[in-house]
Amino acid sequence: MTTNDHHLLKQLIGMDSFSYDLWLVIVALAILAVAWLPSLLANHPLSYPILFVIGGWVLYRLPLALPDPLPLNNPVLTMHLTELCVIVALTGTGLKIDRRFSLRGWRIPLRLIWLTMVVTIALFTLLAWEWAGWPVATALFLAASLAPTDPVLAGDVQVGDPNEGGEDTVRFALTAEAGLNDGMAFPFVYLAIGLAHSATMSSVDLTHWFLFDLFYRVGVGILGGWLSGRLLAYLIFELPQRISIKTTAYGFVALAVTLISYGVTELVHGYGFLAVFVAAITIRNHERTHEYHTYMHAFSDQIERLLVALILLLFGGAIAEGLLQSLTVQDAVMGLLLVLVIRPLVGWLTLWKTNAKGLKRWIIASFGIRGIGSIFYIAYGVQQAAFADSARIWALTGWIIVLSVFLHGISATPVMKRLDRRMAPAALPDETEPIN
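Keep in mind that this is a model prediction, so the values were computed, not measured.

Chemist: Hey, could you run me through the overall build of the chain in this one?
Modeler: Check the secondary structure of the chain and you find 16 helices and zero strands. Residue burial in the chain is summarised as follows: out of 436 residues, 55% are buried. Summarising the internal contacts of the chain: among those between residues at least 6 apart in sequence, 84% fall at separations of at least 24. With the model as given, the accessible surface of the chain reaches about 18,500 Å², and the carbon-plus-sulfur share is 67%.

Chemist: Before we go on, may I ask you to explain the environment of Pro 162 in this structure?
Modeler: Within the secondary structure, Pro 162 sits in the loop between α6 (136-146) and α7 (169-184). As for Pro 162 and Ala 298, which are separated by 136 residues in sequence, their C-alpha atoms are 9.5 Å apart. The residues contacting Pro 162, other than those within four sequence positions of it, are Leu 95, Lys 96, Asp 98, Arg 284, His 293, Thr 294 and His 297.

Chemist: Is there a simple way to explain the pattern of salt bridges in this structure?
Modeler: Where side chains of opposite charge bring their charged atoms close, a pairing between them can arise. Under the definition given, this model contains seven salt bridges. Between Arg 171 and Asp 168 there is a salt bridge; the shortest N-O distance is 2.6 Å. With relative accessibility at 0%, the residue Asp 168 sits in the buried group. The partner of Arg 305 in a salt bridge is Asp 301, and the shortest N-O contact between them spans 2.8 Å. Placement of the pair is Arg 305 and Asp 301 together in helix α12 (residues 291-320), with a separation of four residues, close to one helical turn. Since its relative accessible area comes to 21%, Arg 305 is described here as partly exposed.

Chemist: Can you walk me through the nonpolar core in this structure?
Modeler: Soluble globular proteins tend to pack their nonpolar side chains together in the buried interior. Core analysis: the largest hydrophobic core is formed by 119 residues, its most contacted members being Phe 52, Phe 124, Trp 134 and Ile 364. For this core, the element with the most residues is helix α16 (residues 390-423), which contributes 13 residues. Each residue touching Ile 364, except ones within four places of it in the same chain, is listed here: Ile 108, Leu 112, Thr 169, Val 170, Ala 173, Leu 174, Arg 343, Leu 351 and Ala 356. Of all hydrophobic cores here, the second largest spans 13 residues; its members include Ile 236, Phe 237, Tyr 292 and Met 296.

Chemist: Can you walk me through the packing of helix α5 (residues 107-131) against helix α13 (residues 329-350) in this structure?
Modeler: Relative placement of two packed helices is described by the angle separating their axes and the distance separating the axes. Direction vectors running N to C along α5 and α13 enclose 150°, while the axes themselves pass 10 Å from each other. Our classification of the angle between α5 and α13 gives roughly antiparallel. Handedness of the α5/α13 crossing: right-handed. Between α5 and α13, the contacting residues are Arg 111, Leu 112, Leu 115, Thr 116, Val 119, Thr 120, Leu 123, Phe 124, Leu 127, Ala 128 and Trp 131 on the first element and Gln 330, Val 333, Met 334, Leu 337, Leu 338, Ile 342, Arg 343, Val 346, Gly 347 and Thr 350 on the second. Its residues assigned to classes, the contact of α5 with α13 shows 14 nonpolar, five polar and two charged.

Chemist: Looking at this structure, how should I read helix α14 (residues 359-366)?
Modeler: Residue pairs three or four apart in sequence face the same way in an α-helix, which turns once every 3.6 residues. Burial in α14 covers these residues: Lys 360, Arg 361, Ile 363, Ile 364 and Ala 365. At its buried positions, α14 is contacted by α5, α7, α13 and α16.

Chemist: Mind showing me how you'd approach the packing of aromatic side chains here?
Modeler: Two aromatic rings, taken as a pair, are described by how far apart their centres are and by the angle between their planes. Under the counting rule described, the total for this entry stands at 22 aromatic pairs. Consider the rings of Phe 210 and Phe 215, whose centres lie 4.8 Å apart with planes at 65°: the pair is edge-to-face. Put simply, the rings of Phe 186, Tyr 190, Tyr 262, Tyr 271, Phe 273, Phe 376, Tyr 377 and Tyr 380 pair up and form one aromatic cluster. A cation over an aromatic ring shows up here: Arg 217 above the ring of Tyr 190, its NZ or CZ 4.4 Å from the ring centre.

Chemist: It is not clear to me how unusual backbone geometry should be interpreted in this structure. Could you clarify?
Modeler: Negative phi is the rule for most residues except glycine; trans is the rule for most peptide bonds. Within the chain, His 269 stands out as a residue other than glycine whose phi angle is a positive 65°. Within the fold, His 269 resides in the loop between α10 (250-267) and α11 (272-284). The exposure class of His 269 is partly exposed, given its relative accessible area of 44%. Its identity is not glycine, yet Lys 353 carries a phi of approximately 65°, on the positive side. Of note, Lys 353 is situated in the loop between α13 and α14.

Calculation criteria
- Residues numbered from 1 in each chain as written.
- Predicted model: local features only at pLDDT ≥ 70, side-chain atom pairs only at ≥ 80, totals over all residues.
- Heavy atoms only, no water.
- Helix = DSSP H or I, 4+ residues; strand = E, 2+ residues; numbered from the N terminus.
- Buried < 20%, exposed > 50% of the residue type's maximum accessible area, 1.4 Å probe, protein only.
- Contact = heavy atoms within 4.5 Å.
- Areas by Shrake-Rupley, 256 points an atom, 1.4 Å probe, with all protein chains shown as cover.
- Salt bridge = Lys/Arg side-chain N within 4 Å of Asp/Glu carboxyl O.
- Core = buried A, V, L, I, M, F, W, Y, C linked by side-chain atoms within 4.5 Å.
- Axes fitted to C-alpha atoms, helices over the stretch in contact; angles between N-to-C directions.
- Parallel < 35°, antiparallel > 145°, perpendicular 65-115°, else oblique.
- Left-handed = near helix turned anticlockwise from the far one by under 90°.
- Nonpolar A, V, L, I, M, F, W, Y, C, P; charged D, E, K, R; others polar.
- Phe/Tyr/Trp six-rings, centres within 6.5 Å; stacked < 30°, edge-to-face > 60°.
- Lys NZ or Arg CZ within 6 Å of the ring centre and 35° of its normal.

Next up, the structure:
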């Protein structure tokens, strides 16, 4: 842990009495807001992440003794805080998908992973390198970190709770994509790290990346998630027939699923993000109507919202403390192009010849929300290699997340309401693959 990270921890736990009590009040108010805001804003063109970012900005503009929120100064703590938030969100995401996995039924999210995301990474890398003047390794690092759809901030366009129904093509596609691509972006992050460590990528380096970082790590992530999901499904659904588990303990099992599948997979150098989602899907496919799924998802959702509130307050504070000061005009334009042009256009083109047509196709293509997962990748990568101009990297990342939080947060509710009106009274879902 760096000196700055130690300093932040001291700020958090070693404050004077007034500052500590003030921080407790702020966190408590954030928790209350997390409890009420989603319901209050359900029918309005506004998402609660927007209010938390604004709230964090306001707090840090006041003359208060608050901890340093800049991720550039606290990379380790930033990495672990966002890492925990993402893996908890991935568990909740997997547990709420009703549709069983099959190549046919999941063809849209799989296409979004292997084609839409890859093409987006390639185009953004080229743009950052050739137009904005970033070194190729840093350009690829930025593209890989900013391409994935975030599982944390995309709640307004995702499916509902387990067995709630109404799992249409759009919500299912965006939910499954968010669950899968946080893990599938990692090979390209490692490729960027490899480029940063060497002037050129030799055939040996590329072979190692192809066999280890791509195939081995992805394969272990999928296998590790499936095995841990099967084992934990037995413990969850079969063992209680012999040893009773209190209802109040169901949520702790969800947390165990998250930490075990992630930790074990990472220990054998697989992609833990992918394993967590696969484990949740595997458990979801076992005893699909069991009340356990509802309890586990509810607990995961509560932990996720608490972490989101804290991270977004700090993110808003980071903006107030100068996170965007290193943003150049070219980088600002590049961020606009990613959010408004590259992802929507690439998504629309790569969804050709799927069941997503018309408005559905545009919504799936356009709502590639950027968020907390990108913060994790940047915090992780800057510790692994000497990428050019870390302050500028964080400024561009922050700018794109701000754009996504505000643009997608304002448009999600009216767009999804229009979609629901357009689809009514058609039966849901509209894929040929059954969900049960």
